[in-house]
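Examination of the molecular architecture
What follows is each chain in one-letter form.
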Amino acid sequence: MANVTFGGNPVTLLGSEVKVGEKAPNFTVLANDRSEVTLNDTKGQVRLITSVPSLDTGVCDAETRRFNEEANNLGNVKILTISCDLPFAQKRWCGANGIENVQTLSDHRDLSFGEAYGVAMQQHRLLARAVFVVDSSDTVTYVEYVSEATHHPNYEAAIEAAKSAK
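So, here's what we can say about the structure.

The rules behind the values
- Residues numbered from 1 in each chain as written.
- Predicted model: local features only at pLDDT ≥ 70, side-chain atom pairs only at ≥ 80, totals over all residues.
- Heavy atoms only, no water.
- Axes fitted to C-alpha atoms, helices over the stretch in contact; angles between N-to-C directions.
- Helix = DSSP H or I, 4+ residues; strand = E, 2+ residues; numbered from the N terminus.
- Left-handed = near helix turned anticlockwise from the far one by under 90°.
- Contact = heavy atoms within 4.5 Å.
- Nonpolar A, V, L, I, M, F, W, Y, C, P; charged D, E, K, R; others polar.
- Phe/Tyr/Trp six-rings, centres within 6.5 Å; stacked < 30°, edge-to-face > 60°.
- Buried < 20%, exposed > 50% of the residue type's maximum accessible area, 1.4 Å probe, protein only.
- Core = buried A, V, L, I, M, F, W, Y, C linked by side-chain atoms within 4.5 Å.
- Polar contact = N/O pair within 3.5 Å; in protein donor to acceptor, adjacent residues only side chain to side chain.
- Arc of directions from axis to C-beta.

At their nearest, the axes of helix α1 (residues 58–70) and helix α4 (residues 155–164) sit 12 Å apart, and the two run at 35° to each other. For the element pair α1 and α4, the recorded crossing hand is right-handed. On the side of α1, the interface is formed by A62, E63, R66, F67 and E70, while α4 contributes Y155, E156, A158 and I159. Looking at the contact of α1 with α4, its residues break down into five nonpolar, no polar and four charged.

Structure representation (structure tokens):
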């Protein structure tokens, strides 16, 4: 399991760590209109999936904005940002910040994504910061579990991995 801290304190991650070369686990999360969304809904596309603790924090805000801006350079890559924020809060945040190229999704209901990808922080019922690239055949081609949940991911590596995925 990945070793992650949150505010310098170790956390227990629930679920299984995802590794490059594995088939991406399916999950069920909620869109901003509370409809269910699964990985299978984007089958056949390259996906760059980020998990963040909360869009209402500085690093998560900056990360989601950065991937929203980078989306124009990624062609047909679908960018999903998943947190445990409520769908209503995600919709409000996206509207207030002009986020149009990233789909924000909520894992608040049952931590389906968090447990499937090994990012659910048991102590906080939030998701740890991580980035996954899943190719069009549902194979994981890139994984980064950010060791401190309050730090930024490696944007350049994630973007290059998404560009390289088929």
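Tallied over the full model, the rule gives seven aromatic pairs. Between the aromatic rings of F113 and Y117, the centroid separation amounts to 4.4 Å while the plane-to-plane angle is 20°, which identifies the pairing as stacked. Here the two residues F113 and Y117 agree in accessibility, since each one is buried. For the ring pair F132 and Y145, a centre distance of 5.5 Å and an interplane angle of 85° mean the geometry is edge-to-face. Here Y145 lies in strand β12 (residues 140–145) and F132 lies in strand β11 (residues 130–134), a separation of 13 residues in the sequence. Chaining the aromatic ring pairs together yields one cluster made of F27, F113, Y117, F132 and Y145.

Of all hydrophobic cores here, the largest spans 30 residues; its most connected members are I49, F113 and F132. Sorting elements by how many residues they give to this core places β11 first, with three residues. Excluding residues that lie within four positions of it along the chain, F113 makes contacts with F27, V29, I49, S51, I82, D107, V119, L127 and F132. Among the nonpolar cores identified, the runner-up in size contains 23 residues, and L74, I99, V102 and V131 belong to it.

By the secondary structure assignment, N76 is in the loop between α1 and β7 (78–83). Residue N76 is classed as exposed on the basis of its relative accessible area of 72%. Between the alpha carbons of N76 and V46 there is a distance of 7.2 Å; along the sequence they are 30 residues apart. Beyond its immediate stretch of four places on either side in the chain, N76 contacts Q45 and V46.

Our focus in this paragraph is the side chain of D138. Looking at the element boundaries, D138 is found in the loop between β11 and β12. A distance of 2.5 Å separates polar atoms of two side chains, one belonging to D138 and the other to K43. A polar side-chain atom of D138 sits 2.5 Å from a polar atom in the side chain of R47. Residues within four places of D138 in sequence aside, it is in contact with E22, K23, A24, K43 and R47.

This paragraph deals with helix α2 (residues 87–97). Three or more residues of α2 are buried, namely P87, Q90, W93 and C94. Along the long axis of α2, the arc covered by the buried residues comes to 125°, so they all point the same way. Turned more than 90 degrees away from the buried face of α2 sit F88, G95 and A96, all of them exposed. Contact partners of the buried residues in α2: β4 (28–30), α1, β7 and β8 (102–106). Phi turns positive one or two residues past the end of α2, at G98, with a value near 65°.

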